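Breakdown of the fold
Chain by chain, the residues:
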Amino acid sequence: MPQTKKSVKCKASPLKNVKQKRKNIQKKRKKKNVLLDLLPAVVLTGVFITVSLVISLSIMANEVAEELSIEQTSESDNYPANSTSPEPLPEQTTESDASQESDPPQESDPPPEPLPDIEQQPEQPEHKGTIVFVIDDAGYSLLELEAYLSFPGPLTIAVLPGLRHSAEAARRIRAAGKELFLHQPMEAIGGQNPGPGAIYSGMNTEEILAVLQRNIREVGPVSGMNNHQGSKITADRAIMETVLVFCREQNISFLDSKTTHVSSVPAVARNLGIAIGERSIFIDNNQNHRSMLNAINEGLAIAAAKGSVIMIGHVSSPALAPLLTDLYQSLIDRGYNFTTASELINSAP
């Protein structure tokens, strides 16, 4: 009987198994390395996608917000790009004015009628009184006179006769538009020298008239006269009657400088029916600034109480002209007005 061959299974050798395991491990390592190499790229891709989504959502949100903002913005607040905001309305603008600016009328509405022009007049101060400034003793110095010729308001300047600059001073005063008086020298009780062209108590009527006519020819035409010194002459009724009648005939005013408290001028003027002026204040008996200002304030009180005042100063006071000029506008603003001596005298009732 034939012998049957048996299949014999051969077991793999240990060396072969080790090699196979090594191959399997190497394959696994390769797969792992590939995954590790891909991981950064995957992570970066995910981050990029996430950031892109966030940016897209932010842009969409801003667009939505802008659309909502535009819809809610009123027409008056809608300004072009890069424009500045409107300046605030002035405090004087009323609510109705503001609404007209923010809500203009539609084209279909009729145009509003223009408001009438109302010219607002400045509020006038209450009248306090009338002031007359008289400046005596012109004729000695033309330089001293110049400062008074530029005074901004009415001013009366009295010129002494018979001096070196008497005639020229009178000419300049008239050219400057100021009122010119003859500052007539008269004898004083104390015997002081009144200067050329004076009236003395021993003169008769013809002599007095001759002196007055000569002085008027030198410095005239004049609007009036006032006395220089003259405490003795103004107390003499007869002489002052001659002087006042002369003034009436020449149609000029007389201002009593009141160099004596016993002046006869007011009584003589009443008897003759002639209006005269009377000095109330000497501004510059003391020529410092404070004293002159105090004197002017006394005069203002008189003007406020009686309606007018005549204040006399002198060309020789260097600080007086700038003081009067500085005070002029403030006195106007306070309610005082200025005039000349003759205008005040002629306006007396």
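Residues numbered from 1 in each chain as written. Predicted model: local features only at pLDDT ≥ 70, side-chain atom pairs only at ≥ 80, totals over all residues. Heavy atoms only, no water.

In this section: helix α8 (residues 289-306). Look at α8: 26 Å from first C-alpha to last across 18 residues, which is about the 26 Å you get at 1.5 Å a residue. All buried positions along α8 are accounted for by Met292, Ala295, Ile296, Gly299, Leu300 and Ala303. Taken around the axis of α8, the buried residues stretch over an arc of 150°, which confines them to a single face. In α8, the exposed residues that point more than 90 degrees away from the buried face are Arg290, Glu298 and Ala305. Those residues of α8 hidden inside the fold are in contact with β1 (129-138), β7 (281-282), β8 (308-314), α9 (320-333) and β9 (336-338). The N-cap of α8, judged by a side-chain oxygen 3.2 Å from the amide nitrogen of Arg290 a few residues on, is Asn288. Positive phi shows up at Gly307, right after α8, with a value of about 100°. (Helix = DSSP H or I, 4+ residues; strand = E, 2+ residues; numbered from the N terminus. Expected span 1.5 Å × (residues − 1). Buried < 20%, exposed > 50% of the residue type's maximum accessible area, 1.4 Å probe, protein only. Arc of directions from axis to C-beta. Contact = heavy atoms within 4.5 Å. Polar contact = N/O pair within 3.5 Å; in protein donor to acceptor, adjacent residues only side chain to side chain.)

Here we take up the packing of helix α6 (residues 237-250) against helix α7 (residues 265-272). Packing of α6 against α7 leaves a shortest axis separation of 10 Å and a crossing angle of 55°. Regarding the angle of α6 to α7, the classification is oblique. Crossing geometry of α6 relative to α7 is assigned as right-handed. On α7, the residues touching Arg237, Met240, Glu241, Leu244, Val245 and Arg248 of α6 are Val265, Ala267, Val268, Ala269, Asn271 and Leu272. (Axes fitted to C-alpha atoms, helices over the stretch in contact; angles between N-to-C directions. Parallel < 35°, antiparallel > 145°, perpendicular 65-115°, else oblique. Left-handed = near helix turned anticlockwise from the far one by under 90°.)

Let us look at the confidence of the model for the protein chain. Here the protein chain shows a mean pLDDT of 81. Residues at 70 or above account for 66%. Confidence drops under pLDDT 50 across residues 1-12; counting only partners more than four residues distant or on other chains, this segment forms one contact. The model gives residues 67-105 a pLDDT under 50, and that stretch makes six contacts with residues more than four places away or in other chains. (pLDDT = per-residue confidence, 0-100.)

Moving on, we get to the packing of aromatic side chains. Applying the stated rule across the entire model yields five aromatic pairs. Measuring from ring centre to ring centre gives 5.8 Å for Phe133 and Phe338, while their planes differ by 45°; the resulting arrangement is tilted. With Phe133 in strand β1 and Phe338 in strand β9, the pair connects residues that are 205 residues apart, well separated along the chain. Residue class for Phe133 comes out buried when judged on its relative accessible area of 2%. Its relative accessible area of 10% is what places Phe338 among the buried residues. Through successive ring pairs, a cluster of aromatic residues spans Phe133, Phe151, Tyr328 and Phe338. (Phe/Tyr/Trp six-rings, centres within 6.5 Å; stacked < 30°, edge-to-face > 60°.)

What follows concerns the pattern of salt bridges. For the structure on display, the rule yields five salt bridges. Of the charged contacts, one joins Glu146 and Arg172 as a salt bridge, the two residues approaching to 3.0 Å between their closest N and O atoms. Of the two residues, Glu146 is situated in helix α3 (residues 142-149) and Arg172 in helix α4 (residues 166-175); the sequence distance between them amounts to 26 residues. For Glu146, a relative accessible area of 34% gives the class partly exposed. The shortest N-O distance in the salt bridge between Glu168 and Arg172 comes to 2.9 Å. Taken as a pair, Glu168 and Arg172 lie in helix α4 at a separation of four residues, close to a single helical turn. A relative accessible area of 25% means that Glu168 is categorised as partly exposed. (Salt bridge = Lys/Arg side-chain N within 4 Å of Asp/Glu carboxyl O.)

Turning to the layout of surface pockets, a few remarks are in order. When its volume is computed, the largest pocket comes out at roughly 470 Å³. Along the wall of the largest pocket there are 19 residues; nearest its centre are Ile276, Gly277, Glu278, Ser308 and Ala348. Here the residues of the lining of the largest pocket sort into 11 nonpolar, five polar and three charged. (1 Å grid on protein atoms, 1.4 Å probe; cavity = no way out; pocket = protein on both sides within 12 Å on 5 of 7 lines; lining within 4 Å. Points joined across faces, edges and corners; volume = space filled by probe spheres on them. Nonpolar A, V, L, I, M, F, W, Y, C, P; charged D, E, K, R; others polar.)

This part takes up the environment of Leu155. Considering the arrangement of structural elements, one finds Leu155 in the loop between α3 and β2 (156-159). Among the residues examined, Leu155 registers a relative accessible area of 1% and is labelled buried. Taking the C-alpha atoms as reference, Leu155 lies 8.1 Å from Ala341; in sequence the two are 186 residues apart. Apart from the residues lying within four places of it in its own chain, the contact partners of Leu155 are Phe133, Ile135, Tyr148, Lys178, Glu179 and Thr340.

Moving on, we come to the side chain of Thr234. One can find Thr234 in the loop between β4 (224-229) and α6. A polar contact is formed between the side chain of Thr234 and the backbone oxygen of Gly230, at a distance of 2.7 Å. Ignoring anything within four residues of it in the chain, the contact list for Thr234 reads Met186, Asn227, Met240, Asp256, Thr259, Thr260, Ser263, Ser264 and Val265.

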